[in-house]
Amino acid sequence: MAAVKEEQLQEVIDNFKYKGTLTDKRPYGSGHINDTYLLTFEDEAGGEMRIILQRMNKTVFPKPVELMENIMNVTSYLRKRIVERGGDPLRETLNVIPGPDGKAYYVDSEGEYWRSYIFITDAVSYDQVEKPEHFYQSAVAFGNFQQLLAEFPAETLHETIEGFHDTKARFAVFKKAVEEDKMGRAASVQKEIEFVLEREDVADYFGDLQAKGELPLRVTHNDTKLNNIMIDNESGKGICVIDLDTVMPGLVMNDFGDSIRFGASTAAEDEQDLSKVSLKLELFELYAKGFIEGCGGRLTEKEIELMPMGAKVMTFECGMRFLTDYLQGDTYFKIHRTHHNLDRCRTQFKLVEDMENKWYTMQEIIKKCN
Ligand code: ADP
Ligand code: GN1
Ligand code: MG
């Protein structure tokens, strides 16, 4: 996607007609998909108001109107549930600020879709675990999110990205990308390509079980990275689950697994020194405890038993997606250096290998939690 232009950003800000005087605007966060800005306004009394403004990624989400319909439905459902349990709906779920005509988005003169959220104050989204307690609390919050949406009418949700965690389908896309080799990069990443091809069974695992009817389809978040949760500065609790673009029917093991691949790693997702990358079992255990607790008894024995598999499948799938994007010319994930997607892919594969080595212990940990 073309970079956001200054005048384009200004047009959008003007059209949202926010209250107060704009005192600051800056790119914000480290998401790989949307273009996020933090806007600061001052009101007449000198008070400060912060807002999140995002250009939605149309390449990734080709149906932004349906996407916003999902977000409005999910957040208004959550809002009711939060109020019922005495929580603060302005901090515990996303709040969309309507556009000029009352819609949940604004389309700029270039045809790009923008949306705006109330900024959640006094909370931080972490890119890496700084305190294990934060990770535990993020697990409780993601589990809780799952629980809160357990009775949500799943049939009203649009599939914002078709086959998002259909690892088997992603394997097929990967193979095609290798064959096409658009950028002429395949020869230089033979080791990584082999790594994927040797693990077709991992790609098929959940799809096969689903086909046998052994896994319940639930409303899941599908992008449970640590930086998609706001941790309250004061209480250290996971106050709000954000980035709701991919809330869709899915498998709970994948929500668990995606958090593990990101948060229970000893290094950043794009670490170049692979000797620093491994699975931290203490964090795996902590997250498992928090997540199962957060789900409040709704998980089946099978779902719990398959959590290590969720971690492996999500890590494998993510690495494969990074490698696919690298082979296709970096058109999906935002990159900040030439081989960024390759670096990301390598950390994921290093983690998969480490999980394979620690498989027995991972399973023993989950048995203890069950
Ligand atoms: P992406 O899909 O690109 O990851 P996100 O919706 O996750 O986009 O937003 C990127 C970052 O912006 C988040 O990781 C978080 O730090 C910040 N952010 C998003 N929404 C809010 C909000 N309502 N309040 C505070 N920070 C937010
Ligand atoms: C993307 O949007 P963000 O940065 O939270 C991606 C996830 C990947 C993740 C890898 C819609 O998440 O699926 O796991 O990057 N989101 C989408 O860091 O593709
Ligand atoms: Mg995000």
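What you see is a predicted model; the values in this text were computed from it and never measured.

Quick notes on the rules
- Residues numbered from 1 in each chain as written.
- Chains lettered and ligands numbered in written order.
- Predicted model: local features only at pLDDT ≥ 70, side-chain atom pairs only at ≥ 80, totals over all residues.
- Heavy atoms only, no water.
- Helix = DSSP H or I, 4+ residues; strand = E, 2+ residues; numbered from the N terminus.
- Rg over C-alpha atoms; globule rule 2.2 N^0.38 Å.
- Buried < 20%, exposed > 50% of the residue type's maximum accessible area, 1.4 Å probe, protein only.
- Donors = N, O, S within 2.8 Å, 3.2 Å for Na, K, Ca; no water.
- Pairing = 2+ DSSP bridges.
- Polar contact = N/O pair within 3.5 Å; in protein donor to acceptor, adjacent residues only side chain to side chain.
- Contact = heavy atoms within 4.5 Å.
- Near = heavy atom within 4 Å.
- Areas by Shrake-Rupley, 256 points an atom, 1.4 Å probe, with all protein chains shown as cover.
- Nonpolar A, V, L, I, M, F, W, Y, C, P; charged D, E, K, R; others polar.
- Domains from an automatic or database assignment.
- Buried area = accessible area lost by both parts, 1.4 Å probe.
- Salt bridge = Lys/Arg side-chain N within 4 Å of Asp/Glu carboxyl O.

Student: Explain the overall build of the protein to me, and be specific about the residues and the numbers.
Tutor: Broken down by element type, the protein carries 13 helices and 10 strands. Relative to a compact globule of 370 residues, whose C-alpha radius of gyration would be 21 Å, the protein shows 20 Å and is just as compact. Dimensions of the protein, computed from the C-alpha atoms along their principal axes, are close to 60 × 50 × 40 Å. Looking at the 370 residues of the protein, the share that counts as buried comes to 55%.

Student: Lay out the coordination of the magnesium ion (ligand 3) in plain terms, naming residues and giving numbers.
Tutor: In an ideal octahedron of six donors the angles at the metal are 90 or 180 degrees, and in an ideal tetrahedron of four donors they are 109.5 degrees. Coordination of the magnesium ion (ligand 3) by the protein comes from Asn228 (OD1) and Asp243 (OD), over a distance range of 2.2 Å. Pair noted here: Asn228 is in the loop between β7 (218-220) and β8 (229-232) and Asp243 is in the loop between β9 (238-241) and β10 (248-250), with a separation of 15 residues, a long-range link. Its relative accessible area of 24% is what places Asp243 among the partly exposed residues.

Student: Can you tell me about the sheet that holds β8, naming the residues and giving the values?
Tutor: In a beta sheet, neighbouring strands pair by backbone hydrogen bonds and run either parallel or antiparallel. Reading across the sheet, the 3 strands line up as β6-β8-β9 and stay open at both edges, with antiparallel pairing between neighbours. Strand pairing shows two members of the sheet lacking a second neighbour, β6 (123-124) and β9, which therefore form its edges. Summarising the sheet, β6 and β8 pair through 2 bridges and their orientation is antiparallel. Residue Ala123 lies in a different strand from β8, and its bridge partner there is Asp232.

Student: Account for the side chain of Asn57, with residues named and values stated.
Tutor: As for its placement among the helices and strands, Asn57 is situated in the loop between β3 (48-55) and α2 (64-84). Of note is the side chain of Asn57, whose polar atom sits 3.0 Å from the backbone nitrogen of Thr59. Here the side chain of Asn57 touches Val60 through a polar contact of 3.1 Å, landing on its backbone nitrogen. Other than its neighbours up to four places away in sequence, Asn57 contacts Met1, Ile33, Asn34 and Tyr332.

Student: Explain the site of ligand 2 to me, and be specific about the residues and the numbers.
Tutor: If you check the shell around ligand 2, you find 17 residues, and the closest are His32, Lys225, Glu269, Arg321 and Tyr332. At a separation of 2.7 Å, an oxygen atom of ligand 2 approaches a polar backbone atom of His32. Relative to its unbound accessible area of 440 Å², ligand 2 is 98% covered by the protein chains. For the shell around ligand 2, the element with the highest residue contribution is helix α11 (residues 307-328), accounting for 3 residues. Broken down by class, the residue content of the shell around ligand 2 amounts to 7 nonpolar, 4 polar and 6 charged. Counting the residues that make up the shell around ligand 2, at least three belong to each of domain 1 (6-120) and domain 2 (132-369).

Student: Break down the pairing of β3 for me, citing the residues and quoting the values.
Tutor: For strand β2 (residues 35-42) and β3, the ladder comprises 8 bridges, and the chain directions are antiparallel. Across the sheet, the residue bridging to Thr36 is Gln54, located in β3. The hairpin turn running from β2 into β3, its antiparallel successor, is 5 residues long, and Gly46 in that turn takes a positive phi close to 90°. Examined bridge by bridge, β3 and strand β5 (residues 113-118) share 5 bridges and lie antiparallel to one another. Across the sheet, the residue bridging to Leu53 is Ser116, located in β5.

Student: Could you give an account of the domain arrangement of the protein, with specific residues and numbers?
Tutor: Along its sequence, the protein is organised into domain 1 (6-120) and domain 2 (132-369). When each unit is reduced to the centre of its C-alpha atoms, the spacing between domain 1 and domain 2 is 26 Å. Contact between domain 1 and domain 2 buries roughly 2700 Å² in total, counting both sides, with carbon and sulfur atoms accounting for 60%. If you sort the residues of domain 1 by the area they bury against domain 2, His32, Asn70 and Tyr77 come out on top, with a joint share of 25%. Our count for the domain 1 to domain 2 interface comes out at 3 salt bridges. The interface formed by domain 1 and domain 2 includes 11 residue pairs in polar contact (both at pLDDT 80 or more). Listing elements by their share of the side of domain 1 that touches domain 2, those giving two or more residues are α2 and α3 (89-92). It is α2 that provides the largest number of residues to the side of domain 1 that touches domain 2, a total of 11 residues.

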